[in-house]
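Below are the chains, spelled out letter by letter.
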Amino acid sequence: MGSAKNTSASSATDRRERIEEMRRAERARARRGRIAVISVSTVVVAALIGVGAWAVTRGGDDKDTSADAKPAGHFTYAKDGVGTWSGKLTRNHVGGKPTYPMNPPVGGDHNQVWMNCNGDVYEKPLANEHAVHSLEHGAVWVTYNDKAPAKDVEALAAKVKQTPYTLMSPIDDQKDPIMLSAWGHQRTVKSASDPAAAKFFAAFVQGKQTPEMGAPCTGGLGQ
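Model, not experiment: these values are computed from the prediction.

About the thresholds
In this convention, every chain numbers its residues from 1, walking through the sequence in written order. Residues qualify for local features only when their pLDDT is at least 70, as the model is predicted, and side-chain atom pairs are given and counted only at 80 or more; totals for whole chains, interfaces and linings, by contrast, use all residues. Hydrogens and water molecules were not included; the side-chain quantities draw on all heavy atoms of the structure. Under the scheme used here, helices are H or I runs from DSSP no shorter than 4 residues and strands are E runs no shorter than 2 residues, and both carry numbers assigned from the N terminus. Any residue under 20% of the maximum accessible area for its type is buried, any over 50% is exposed, and the rest in between are partly exposed; the area is computed with a 1.4 Å probe on protein chains only. N or O atoms closer than or at 3.5 Å make up a polar contact, with two conditions inside protein: a donor-capable atom paired with an acceptor-capable one, and, for residues adjacent in sequence, both atoms drawn from side chains. Stacked, tilted and edge-to-face are the three classes applied to pairs of Phe, Tyr and Trp rings, where Trp contributes its six-membered ring and a pair requires centres within 6.5 Å; stacked means planes under 30 degrees apart, edge-to-face means over 60, and tilted covers the rest. What makes a salt bridge here is a side-chain nitrogen of Lys or Arg within 4 Å of a carboxyl oxygen of Asp or Glu, nothing more. Cysteine sulfur atoms are paired as a disulfide whenever they come within 2.5 Å of each other.

Overview of the side chain of Asp-109
Thought 1: Among the structural elements, Asp-109 can be located in the loop between β2 (83-85) and β3 (118-121).
Thought 2: Judged by its relative accessible area of 5%, Asp-109 falls in the buried class.
Thought 3: Polar side-chain contacts of Asp-109 include one of 2.6 Å to the side chain of Thr-90.

This is the structure in structure tokens:
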């Protein structure tokens, strides 16, 4: 009888140990399951955040380069020959190459980096989106095409080099041989000695039209 009791007690102990072992194994599986769920959830959340950030960035890029930003309007010309743009000129910093309804452009959305305009004379065409930023800083932009006499180009270059807040570059497809542009304003001049050129410089180099008065014309982009 003693032996039977001992055997029964031993069996009971073994069952309890097996049950406890099974419970420990179950708890371990549950912990691993929770860890797995947390890990997967973390990955999913991170992925969603990444997709959301990409979508926001992508949406911003699409907005930046959209042709919808093109300012509508037209030039109204005063008796002195200076044209003033009638529409609102937006001033957002954008990527890509925004389109402009006038050539040369006199304002609108532009690149965040301006062209250096501290009397800088460029021999090659400029990217409009950089030059427009210079106009925002109060610069006058002198442009010419291949119909402009060489002597006038040289004389204008000399004038620009002596005048802070000006820049000069060729634009092959502009409508007139020599044109002067400032933020929101533009005119054609007949020659470098045309009195209208000096008047335009006097009125618009850091003139009242300047959206960002005192902003620098150095530290930007050079060709």
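Right, picking up where we left off after that structure.
Quick look at the packing of aromatic side chains
The geometry of two aromatic rings is summed up by the distance between their centres and the angle between their planes.
Thought 1: Counted under the stated rule, the structure contains 3 aromatic pairs.
Thought 2: Between Phe-75 and Tyr-77 the ring centres are 5.9 Å apart and the planes differ by 45°, which places this aromatic pair in the tilted class.
Thought 3: Note on Tyr-77: relative accessible area 47%, which makes it partly exposed.
Thought 4: On the basis of an interplanar angle of 45° and a centroid distance of 4.6 Å, the ring pair of Phe-200 and Phe-204 is categorised as tilted. Of this pair, Phe-200 and Phe-204 both sit in helix α4 (residues 195-204), separated by 4 residues, roughly a single helical turn.
Thought 5: Look at Phe-200 and you get buried, because its relative accessible area is 2%.
Thought 6: Through a chain of ring-to-ring contacts, the aromatic side chains of Phe-75, Tyr-77 and Trp-85 assemble into a single cluster.

Overview of the pattern of salt bridges
Pairs may arise between side chains of opposite charge once their charged atoms sit close together.
Thought 1: Under the definition given, this model contains 4 salt bridges.
Thought 2: In this structure, Lys-97 engages Glu-129 in a salt bridge whose closest nitrogen and oxygen atoms are separated by 3.0 Å. Taken together, the residues Lys-97 in the loop between β2 and β3 and Glu-129 in helix α2 (residues 128-136) connect sequence positions 32 residues apart.

Section: the state of the cysteines
Thought 1: Summed over all chains, the structure comprises 1 disulfide.
Thought 2: Each sulfur in the disulfide pair Cys-117 and Cys-217 lies 1.6 Å from the other. Because the sign of the S-S torsion sets the handedness, a value of about -85° for the bond joining Cys-117 and Cys-217 places this disulfide among the left-handed ones. Of this pair, Cys-117 sits in the loop between β2 and β3 while Cys-217 sits in the segment after α4; the two residues are 100 residues apart in sequence, bridging distant segments of the chain.

Read these as spatial facts, not as claims about activity.
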